[in-house]
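Chains, contacts and geometry: an overview
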Amino acid sequence: MKKEKALMNKFLFYIKQLLPLKYHSKYSLQNGEKQLAIWRQWFGKPFEIQHFTLAD
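Nothing here was measured: the structure is a model prediction, and the numbers come from that model. (Residues numbered from 1 in each chain as written. Predicted model: local features only at pLDDT ≥ 70, side-chain atom pairs only at ≥ 80, totals over all residues. Heavy atoms only, no water.)

**A closer look at the pairing of strand β1 (residues 21-28)**
Note the following rule: At least two DSSP bridges between two strands are required for those strands to pair. Secondary structure elements follow DSSP: runs of H or I of four or more residues count as helices, runs of E of two or more count as strands, with numbering from the N terminus.
Sheet topology places β1 next to strand β2 (residues 34-42); 8 bridges connect them, and they run antiparallel. In the strand pairing of β2, S28 is matched with K34. Where β1 folds back onto β2 in an antiparallel hairpin, the turn is made up of 5 residues, including G32, whose phi is positive at roughly 90°.

**What about the pattern of salt bridges?**
Worth spelling out the cut-off: For salt bridges, the criterion is a side-chain nitrogen of Lys or Arg within 4 Å of an Asp or Glu carboxyl oxygen. Each residue's exposure class comes from its accessible area (1.4 Å probe, protein chains only) as a fraction of the maximum for that residue type: buried when under 20%, exposed when over 50%, partly exposed otherwise.
This model, assessed by the stated rule, comprises 1 salt bridge. Where E48 meets R40, a salt bridge forms, and the shortest distance between an N and an O atom there is 3.4 Å. A residue is classified by how much of its surface remains accessible, and E48, at 54% relative accessible area, is exposed.

**Here's the deal with the packing of aromatic side chains**
Test applied: Aromatic contacts are taken between Phe, Tyr and Trp rings whose centres are within 6.5 Å, Trp giving its six-membered ring; a plane angle under 30 degrees counts as stacked, one over 60 as edge-to-face, and the others as tilted.
Taken as a whole and judged by the stated rule, the model has 3 aromatic pairs. On the basis of an interplanar angle of 20° and a centroid distance of 5.9 Å, the ring pair of Y23 and W39 is categorised as stacked. Within this pair, whereas Y23 is found in strand β1, its partner W39 is found in strand β2, the two being separated by 16 residues in sequence. Using a relative accessible area of 32% as the deciding quantity, one classes Y23 as partly exposed.

**Some points on unusual backbone geometry**
If a residue is not glycine, its phi is most likely negative; likewise, a peptide bond is most likely trans. A positive phi angle is found at F43, which is not glycine, with a value near 55°. Its place among the elements puts F43 in the loop between β2 and β3 (45-54). Classification of F43 as partly exposed rests on a relative accessible area of 47%. Even without a glycine there, the phi angle at E48 is positive, about 50°. By the element assignment, E48 lies in strand β3.

Right, here's the structure in full:
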């Protein structure tokens, strides 16, 4: 059962690497400014990176 689950997880990881999936991250800078970053990643390389400043 563990081997099958590990194999399935590995398979899903490789399938996800083939698709340019979209990711997002919200974070705050040291000065308190809130930021949003949205990007696509393909084979571990990010592209179409967008940064936004969020209003309080």
